[in-house]
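Structure assessment
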Amino acid sequence: MAQTVCVIPSAADLADLSAIDADQARPLKHIQRARIILLSAERLSVLDVAHRAGVSRPAVWRWQQRYAEEGVEGLLRDKTRPPGKPPHSTDTVAEVLALTCSEPPGEVTHWTGRALAQAVGISLRSVQRIWDAHRLQPHRVRSFKRSNDPAFAEKVEDIVGLYMDPPRHAVVLSLNEKSQIQALERTRPSRSLMPGRPETQTHDYVRHGTTTLFAALNVLAGTVIGRCMQRHRHDEFLRFLNTIEAAVPAGKLIHVILDNYATHKHPTVRAWLARHPRWIFHFTPTSASWMNAVEGFFSALTRRRLKRGSFSGIVDLQAAINRYIVEHNDRPKPFVWTKPAAAILDAVNGNAAPSE
């Protein structure tokens, strides 16, 4: 682009342009354009005009041309620009959606953005926009497990009833074991968190054995009774039941929610229950560990204490777990279940995974 016009403003235009240039309340772009024409009227070179107006030479040529065509009013109005690339047609969008929801060719399991963009003939960003608009995430997969327990409905209603309407003069405990907790010792001390750098730890470690945590969550109080043991058999389970028996005041019924692990149904355990009539076991449906409230405590224990920990041995690991339980019991929070049994059964019958 080069200069193609000679700017010769009239006296009236000079007055209007001078007023615009002196009006500090106007937008800066209007002042710059008026100054370009005023300086051009002084027969200055394009380079001098651009330097004194604080713009580029193409901008000087552009606004000289605009003034020659439309006058002062043309300087105060921005031309509408043509839109960018037109949006993709509905057929293209439908093709992207259909391919995304179908099996990709070859030996891959799911579509990637680049592969789909190449197949359809559009850009990667266009594919991403279509996916975002239709909430498609082919890179993610969610697992599910449906219980085949014939008494699923009855067990759900029983356990949810204990959570939402616990019986009076009774203690409701959610009980389970977290087995094979490894005492892993990092080969080097971890480096603490710093601005711009997360906490770092060595990838390799030394194994010092495992322990099993037996835990029972008091649903109403939020406290946890826990005990670490070396093995995971019915003998250890009975010792833990005796620990709970000694901790719960006499005269209160003990409703225990637990899974279908064989240890919980061992003949010796059944005999123990017969000798302790205040104990009542409520088994969760098969493949329904999400109904056991103590699993939430195990998850928090793993994330907040075990995952980043470094333990010099089994004793060190067990001591850390016991300290965590003590701290948890210092600030307990009652467990609150909000989804009624009918909603869970409706979700399962509708092939939707229930969540809590």
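This is a predicted model, so every value here is computed, not measured.

Reading the values: the criteria
Residues numbered from 1 in each chain as written. Predicted model: local features only at pLDDT ≥ 70, side-chain atom pairs only at ≥ 80, totals over all residues. Heavy atoms only, no water. Helix = DSSP H or I, 4+ residues; strand = E, 2+ residues; numbered from the N terminus. Polar contact = N/O pair within 3.5 Å; in protein donor to acceptor, adjacent residues only side chain to side chain. Contact = heavy atoms within 4.5 Å. Buried < 20%, exposed > 50% of the residue type's maximum accessible area, 1.4 Å probe, protein only. Pairing = 2+ DSSP bridges. Axes fitted to C-alpha atoms, helices over the stretch in contact; angles between N-to-C directions. Parallel < 35°, antiparallel > 145°, perpendicular 65-115°, else oblique. Nonpolar A, V, L, I, M, F, W, Y, C, P; charged D, E, K, R; others polar. Expected span 1.5 Å × (residues − 1). Salt bridge = Lys/Arg side-chain N within 4 Å of Asp/Glu carboxyl O. Phe/Tyr/Trp six-rings, centres within 6.5 Å; stacked < 30°, edge-to-face > 60°. Core = buried A, V, L, I, M, F, W, Y, C linked by side-chain atoms within 4.5 Å.

Residue position: S174 is located in strand β1 (residues 170-186). In this structure the side chain of S174 is engaged in a polar contact, spanning 2.8 Å, whose partner is the backbone nitrogen of V294. Once residues within four sequence positions are removed from consideration, S174 is found in contact with Y163, A215, A216, L217, V219, I257, N292, A293 and V294.

On to the pairing of β1. Most of β1 sits inside the fold, with 12 of its 17 residues counted as buried. In terms of strand pairing, β1 meets strand β4 (residues 253-258) through five bridges, oriented parallel. What sits directly across from S174, in β4, is I257.

Here the focus is the packing of helix α3 (residues 46-53) against helix α4 (residues 57-75). Two numbers describe how α3 lies on α4: the axes approach to 8 Å, and their chain directions differ by 100 degrees. Looking at the two axes, α3 sits roughly perpendicular to α4. Here α3 contributes V46, L47, V49 and A50 to the contact with α4, which in turn contributes R57, V60 and W61. Residues that form the contact of α3 with α4 fall into these classes: six nonpolar, no polar and one charged.

So, about helix α9 (residues 234-247). Look at α9: 20 Å from first C-alpha to last across 14 residues, which is about the 20 Å you get at 1.5 Å a residue. Along α9, the residues that are buried comprise H234, E236, F237, L238, F240, L241 and I244. In this structure, the buried side of α9 is in contact with β1, β2 (205-218), β3 (224-229), β4, α10 (267-275) and β5 (279-283).

Along the chain, S289 turns up in the loop between β5 and α11 (294-306). Since its relative accessible area comes to 47%, S289 is described here as partly exposed. Taking the C-alpha atoms as reference points, S289 and N260, separated by 29 residues in sequence, lie 9.6 Å from one another.

For the structure shown, the criterion picks out 10 salt bridges. Counted as one network, the salt bridges with shared partners bring together K29, R33 and D78.

This part is about the packing of aromatic side chains. Applying the stated criterion across every chain, the model contains nine aromatic pairs. Arranged with centres 5.1 Å apart and planes meeting at 80 degrees, the rings of W272 and W279 form a pair that is edge-to-face. Each member of the pair, W272 as well as W279, is classed as buried. In this structure an aromatic cluster arises from ring pairing among Y163, F335 and W337.

Membership of the largest hydrophobic core comes to 36 residues, with the highest contact counts inside it found for V156, L213, F297 and I321. Elements that contribute at least two residues to this core include exactly α8 (152-164), β1, β2, β3, α11, α12 (314-330) and α13 (341-349). Residues contacting F297, with those up to four places away along its chain left out, are L213, V224, Y324, I325 and H328. If you look at the next biggest cluster of nonpolar residues, it comprises 20 residues, including L173, F237, I254 and L258.

What follows concerns the sheet that holds β3. In space, the five strands of this open sheet follow the order β3-β2-β1-β4-β5, with mixed pairing throughout. At either end of the open sheet lies a strand with only one pairing partner, and these are β3 and β5. Ignoring which end each strand starts from, the neighbouring axes of this sheet average 25 degrees apart. Where β4 and β5 come together, five bridges link them in parallel fashion. In the sheet register, I257 faces β5, and the bridge partner there is H282. Running at roughly 150 degrees to β3, α9 makes contact with β1, β2, β3, β4 and β5 of the sheet.

Attention shifts here to the side chain of T100. Residue position: T100 is located in helix α5 (residues 90-100). Polar side-chain contacts of T100 include one of 2.6 Å to the backbone oxygen of V96. In this view, T100 contacts W111, L116, W131, L136 and P138; residues no more than four positions away in its chain are not counted.

Note that all results are geometric; they support no functional claim without further evidence.
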